[in-house]
Structures are given as C-alpha cells and as structure tokens.
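Fold and geometry: a report
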There are 2 protein chains.
Amino acid sequence: MENYMALTVQLNHVTPEIQQALQVELEKVRQTIQHFSKSKFSGIKEIVNDVIDLNGKMLRPTLTILSAHFGEYDSEKVVKLAASIEMLHMATLIHDDIIDDSKLRRNKESTQSKYGKDMAVYAGDYLLSKSLSMLNGKEYDADHMIKLAKAIELICESELLQFHSKFKYMTVKNYLRVVSGKTAALFAVSMYAGASESNCSEGLSKQLGKIGYELGVAFQIIDDILDYSDDQELVGKSTRNDLKKGYYTLPVIYAFQGESEKVLNHSEAELMKLVEKNNGIEKARVLARKYTKRAFKRIDSLPEGNYKEALESLAKALLDRKY
Amino acid sequence: MENYMALTVQLNHVTPEIQQALQVELEKVRQTIQHFSKSKFSGIKEIVNDVIDLNGKMLRPTLTILSAHFGEYDSEKVVKLAASIEMLHMATLIHDDIIDDSKLRRNKESTQSKYGKDMAVYAGDYLLSKSLSMLNGKEYDADHMIKLAKAIELICESELLQFHSKFKYMTVKNYLRVVSGKTAALFAVSMYAGASESNCSEGLSKQLGKIGYELGVAFQIIDDILDYSDDQELVGKSTRNDLKKGYYTLPVIYAFQGESEKVLNHSEAELMKLVEKNNGIEKARVLARKYTKRAFKRIDSLPEGNYKEALESLAKALLDRKY
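Residues numbered from 1 in each chain as written. Chains lettered and ligands numbered in written order. Predicted model: local features only at pLDDT ≥ 70, side-chain atom pairs only at ≥ 80, totals over all residues. Heavy atoms only, no water.

**Remarks on the overall build of chain A**
Each helix and strand in chain A was counted, giving 16 helices and two strands. Sequence-distant contacts, at least 24 apart, represent 73% of the contacts inside chain A between residues at least 6 apart. Of the roughly 12700 Å² of accessible surface on chain A, a fraction of 50% belongs to carbon and sulfur atoms. (Helix = DSSP H or I, 4+ residues; strand = E, 2+ residues; numbered from the N terminus. Contact = heavy atoms within 4.5 Å. Areas by Shrake-Rupley, 256 points an atom, 1.4 Å probe, with all protein chains shown as cover.)

Here it is, written out as structure tokens:
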C-alpha cells in the first residue's frame, strides 16, 4: 500500500473516512488481481505479483471506484472491473518493457530484464486475455469488454506511432494523438465503465468518461515532463529516458516549435539546453493545466457528494505531482 | 488461395461443389480479416497483409465453417467468427516469432525479422484485441468471446511450459498438455463456436468441439514430426528447429522413454540417430493416428451430409500431410 499512500497524501480535501474506504477497495482490487492471475504455470503468478508491487499508483482502479460511487455502488462488481482494467494496464507495461529494453521500472528491475523476453511476451498476453475473460457476460455488459479491447487497440496504435516517430519532430497534434491513445483512452473507459456498470445514466457515464479522458491527457503530459526531472530516485524510474531513446515529447516539441528540421542536429545535452531556454517544460505544464481545468469544469457539474470532492482532489494531485 | 488449394487437393471424397463453396467462404474470411485489421497506423495493415499471405492453411476458419454447416448456416456471421479466430491465431504466430528469433516462416521472413520487435509486439497485441472486439455482444454470444480469450490464456501457459522445458526431458503427459493448450484448445473453440453460433444444440456443438480438440492434438503431433523432415522447401519453414532450440517433442520423447536423464548428454546429430533407431517418428505417428481415430469415431456419429464427408476428408488430409 506504500506507493498508493504516497499518492493519497495529496488528497487534501478528502475526509479520512473516504481515504480509508478507498484504500479498503484498492486492497480488494489487489487481491482480485492476484486471484485472477492464478495460473497453472507458476511463473505467471510470480511475474504478476512482481508487477503489482511495482505498480505505484493504482490510478485506473481509483478512477473506476470513484466513478462508480456516482451510481449504485456494488463493491464486488466494481472491484472486479477495476482489477480487470489494472491487469490490462499491467499487460501493456510488461510489453512496453520488451521494446524499451528498460532495465528499471519503479526502482525495480523490469519484467523482461528479470524473467526474459519469453516470459514478458506470454505473461503480457496472458494478463491481457484474462483481463477480458474475467468480465463474464452475465455480470457485465459485453459492450464494456469490447470498449476495453478497443482501448488496447488504441494503445498499440499510439505506441507504434510514437515508436516510428523516434528521433523525428512531431507536431503537437500528433503528440496529443499519441497521448490520447496510449493513456487517456483507458482512463476514459475506467471512469465510463465504472459509472455505467453502477447504473448511472448514459449521460452521466459519458460525462465521467470525458473527465477520465481529460485527466488522462494531463497525467501523460505531466509524466512526460517528469522524465526531464533530475531526480531518478523520486520519479521511480530512469529519467531522460525519452530523450535518450529519441521520443521527443511535449517539452522538446515546444522548444522547437516551427523549426522541426533542426531537431535531428542536436545532441541530448543541446536539446536539454534548448528546452530550458525556450521554457519547454513550463509551456507543457500550461497545456496539462488546460486539460485539468476542463476536467474541473466537468467535475463541477457533477452531483454533489464526498466522491465529487475526492475526484477533484485527485485531479489536483495528478497535476501537482512531482513523481 | 494457392496455399489453401495445396491443402484441399487432398480432400478426395469431397464434391467439387463443396470445395468451391469452401473456397468462396475462405476468400470472404480473408477479406474480413483485411477489413478488420485496418488501422490508422498503416504499419499494422502491412504486417497483417503479410501474415495473411504467409498463412498456409486457414485451418481454423475451415473448421469453423465446416462445423457451422451442421446448423443453420449464416454466411456473414460465420465468416466474421472464422476471421476473428484466424486473427487470434495470427497474433500468436507473430508473438511466437519474437521468442523464437525465427527468421523464416512459411518460406518468408518472420514479422520480427522484417519489421522489428516493436512492430511484432504491438501488431500482435492489436490483432489479439481486435479478434475479440470485432465480435460484438449483440451479434455473438459473449460466452464465445470469453472462450476465445481463455484459449489465448491456454496458449500462453502452454508456450511458457514448453519454453521452460527447453533442453529438458518431458513426459508424454506433459507433452500432451502443451499440445492440448497451444493447439487443440483453439481447434476445439473453432468448431464449438461455429456450431453454437449456428444454433446447433449444445450437445452437437460440444461433440463438434471435441472433434476439433482431437484433430488439434493429431495436427500438432504431425507438425512436430514434420520438423524432423529433411525437406525445408516442402514444409515451408526451417526444419529441425525444435531440436536446435531444445524443444524435445514426441519423437525424441519416445526415443528416450524411461531414460530421461540421458537427454541432456546428446548432440543434435546423436538425438536424430536415436530417434531413428528407436522409431520415435513412427511411434509419434501412432499416437497422432489414435487421436484422429477418436475424431473419426465421433464424426461417424454426426448427422449425414456433404459437410460430414468434408470433415472426414479434412481429418484424413491432416493426418497424411507431408507439409
């Protein structure tokens, strides 16, 4: 729970009761993930346990739980849905590591460096399938399963777009396309499905889905900004990874706006200097804030209650986070 | 259609009309796969087209189509289901290649060697998700989607079991566990879902599913035997791959039965000699035949008709194939 605590510290305006209730639900999510990732092949369970520990935030389950509270909250049903979504996310993290050849994730060895490429490929596929198959058609709306599968498709397309833009200039528009597909789409489904499975009206569910989307865009922009941080220990993964790998995210894009052809002619150190000189990070923060503000405005229109405050507080925490 | 033709040549007892009808349906499956693998990211489409061409047999779609003919055959519905199953299979092939570092599949370069590991990971994930999301809950029974997702889980577990038994002795029982998970389970779903979606009774659907299972076991045993063939050109992929990689399949297992500890002390050439000396291949053929016979017995009990004959003929072709 340690990592989750680290996040909730910033949920300032939330009563201790709500914080406590959220933690209880998230612990159930964790247990459900462990239950459903049981496999005859013991290696898979080991990896899953590892990835759960690695997971710092349980953000998507938190969004699903908060969103479900706007309807008729059924703990068992919501927890299983939240677990499914987190497993889907874990699967994509495991597969990302294969491509990134990343040695470190959340201060621990990545799956592929610890267990090998074979385990990483199949454990990812296993989790991905399990995340869908565990939502059986009698309990859950089949459309939600399909929405989750479509979120995976968007994630794949966006990761590929990003990968093939390596060491190339990207427009802000294309950057937002990547961010929207690889992060915001699943944030959106997390909130939409949480609400919809709790019998919220279609209108309210969609509204919550849009909040998820906007928070997702803001979250990913901040994530990209944090990669420019000097404090690897605090962020919990190797920093400057994006620049090193040729992923030119928003701070670089802003630093170079209009002068795309020059990107290729700079070393990592020169790029860092330009980002600083042209306020790339500050400009990126402005865009993240814009998306958070949109989310705030939407949250404003939601029915009053404790969970509305929790959602607001979470949105603030996501924008202000330093890790 | 060339590769498919190569298979149907052996469907001796099938009327030209049925053969023609099957080919028309399989061409529709091909088009449906292309339609549903359209992606904003053009790279994915390119890979998919490549993998379709590489695909030699379209066996799973053939099984789905044949099985569906035992019920009320609805071409559009069956074709889409068959396409979904083939896409799932294609996804697993693409991911297998990442682990195998295999340069050649069906006489062509493998996805990962042609496009890189990144494309192989995400294109596989994309196809896998798409294969499930295309079967929407209004048209198809959500349980079938879940059965497909579970087939993926079994495939992953079996591939991992196989991978971690590399260069080790495996019991026939464990070998059959691998074969059953990595091939027979999906063959079973192909036939079960084809029948069930065509309003066959649950009893008949299950019977057809079991035929799929038995044919799947026989098919995989034969596939493993063909790896011992000297004719790489004919088989359409590099042969002796399994031995080289330390996958000790049925012919080796039979050659060593009871003397497990000796497996590790032999070179590839020595293993080949032992397989020959102890009739490993012939013994493996006997087991394949046993499973085919079980399937025949079950096929016997099916309602009479053209498609029963086609199924029988296909079962024979699978057992007798040389590639």
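There's more to say after this.
**Digging into the interface of chain A and chain B**
Listed as interface residues are 41 residues of chain A and, on the opposing side, 41 residues of chain B. When the buried surface of chain A facing chain B is broken down by residue, A:Tyr122, A:Glu157 and A:Leu160 rank first, second and third, together holding 18% of it. Run the count over chain A and chain B and you get four salt bridges. Among the ionic pairs, B:Lys130 bridges to A:Glu153, the shortest N-O distance being 3.4 Å. In this assembly, chain A and chain B are joined by ten residue pairs in polar contact (both at pLDDT 80 or more). If you list the elements that add at least two residues to the side of chain A that touches chain B, you get α5 (75-100), α7 (117-133) and α8 (142-163) of chain A. (Buried area = accessible area lost by both parts, 1.4 Å probe. Salt bridge = Lys/Arg side-chain N within 4 Å of Asp/Glu carboxyl O. Polar contact = N/O pair within 3.5 Å; in protein donor to acceptor, adjacent residues only side chain to side chain.)

**Notes on the relation of the copies chain A and chain B**
When chain A is brought onto chain B, the operation consists of a screw motion whose angular component is 180 degrees and whose axial shift is 0.0 Å, with 0.0 Å RMSD remaining. On this basis, the relationship between the two copies can be described by a two-fold rotation axis. Among all C-alpha atoms of chain A, that of A:Ala142 lies closest to the rotation axis, at 3.1 Å. (Least-squares fit on C-alpha atoms with pLDDT ≥ 70 in both.)

**What about the packing of helix α10 (residues 202-226) of chain B against helix α15 (residues 280-300) of chain B?**
Residues and elements named next belong to chain B. Look at α10 against α15: their axes get within 9 Å of each other, and the N-to-C directions meet at 165 degrees. Judged by the inter-axis angle, α10 sits roughly antiparallel to α15. Seen along the crossing, α10 lies across α15 with a hand that is left-handed. Contacts from Gln207, Lys210, Ile211, Glu214, Leu215, Val217, Ala218, Ile221, Ile222 and Ile225 in α10 reach Ile281, Ala284, Arg285, Leu287, Ala288, Tyr291, Thr292, Arg294, Ala295, Arg298 and Ile299 in α15. Across the contact of α10 with α15, the residue classes tally to 14 nonpolar, two polar and five charged. (Axes fitted to C-alpha atoms, helices over the stretch in contact; angles between N-to-C directions. Parallel < 35°, antiparallel > 145°, perpendicular 65-115°, else oblique. Left-handed = near helix turned anticlockwise from the far one by under 90°. Nonpolar A, V, L, I, M, F, W, Y, C, P; charged D, E, K, R; others polar.)

**Regarding helix α14 (residues 268-277) of chain B**
Residue and element names in this part refer to chain B. Residues Leu271, Met272, Leu274 and Val275 constitute the buried set of α14. The buried residues of α14 all sit within an arc of 165 degrees when viewed along its axis, so they share a single face. Turned more than 90 degrees away from the buried face of α14 sit Ala269, Lys273, Glu276 and Lys277, all of them exposed. Each element contacted by the buried residues of α14 is listed here: α12 (241-245), α13 (250-256) and α15. (Buried < 20%, exposed > 50% of the residue type's maximum accessible area, 1.4 Å probe, protein only. Arc of directions from axis to C-beta.)

**A few points about the state of the cysteines**
A full pass over the atoms with the stated rule returns zero disulfides over all chains. Unpaired in terms of disulfides, B:Cys156 finds its nearest cysteine sulfur in A:Cys156, a separation of 14 Å. With relative accessibility at 2%, the residue B:Cys156 sits in the buried group. (Disulfide = S-S within 2.5 Å.)

**Observations regarding a positive patch on the surface**
Residues and elements named next belong to chain A. Together, Lys147, Lys150, Lys206 and Lys210 make up a positively charged patch on the protein surface. Only α8 and α10 (202-226) provide two or more residues apiece to the positive patch. Mapping lysine 147 onto the fold places it in helix α8. (Patch = residues over 30% accessible without salt bridge, like charges linked within 9 Å, V, L, I, M, F, W, Y side chains within 5 Å. Lys, Arg positive; Asp, Glu negative; His and termini not counted. Charge placed at Lys NZ, Arg CZ, Asp CG, Glu CD.)

**Section: the environment of B:Leu287**
Residues and elements named next belong to chain B. As for its placement among the helices and strands, leucine 287 is situated in helix α15. With relative accessibility at 9%, the residue leucine 287 sits in the buried group. Along the sequence, leucine 287 and valine 217 sit 70 residues apart, while their C-alpha atoms lie 9.3 Å from each other. In this view, leucine 287 contacts Val172, Leu176, Ile221, Leu250 and Tyr254; residues no more than four positions away in its chain are not counted.

**Focus on the packing of aromatic side chains**
Within the structure shown, the criterion is met by four aromatic pairs over all chains. When the ring of A:Phe167 is compared with that of A:Tyr248, the centres are 6.2 Å apart and the planes differ by 85 degrees; the resulting orientation is edge-to-face. Here the residue A:Phe167 occupies a position in the loop between α8 and α9 (172-196), and A:Tyr248 occupies one in the loop between α12 (241-245) and α13 (250-256), the gap between them amounting to 81 residues. Where B:Phe187 meets B:Phe219, the ring centres are 5.4 Å apart and the plane angle is 35 degrees; that geometry is what we call tilted. Here B:Phe187 is found in helix α9 (residues 172-196), whereas its partner B:Phe219 is found in helix α10, with 32 residues between them in sequence. The class for B:Phe219 is buried, based on a relative accessible area of 7%. The side chain of A:Lys77 reaches across the aromatic face of A:Tyr140, ending 5.9 Å from its centre. (Phe/Tyr/Trp six-rings, centres within 6.5 Å; stacked < 30°, edge-to-face > 60°. Lys NZ or Arg CZ within 6 Å of the ring centre and 35° of its normal.)

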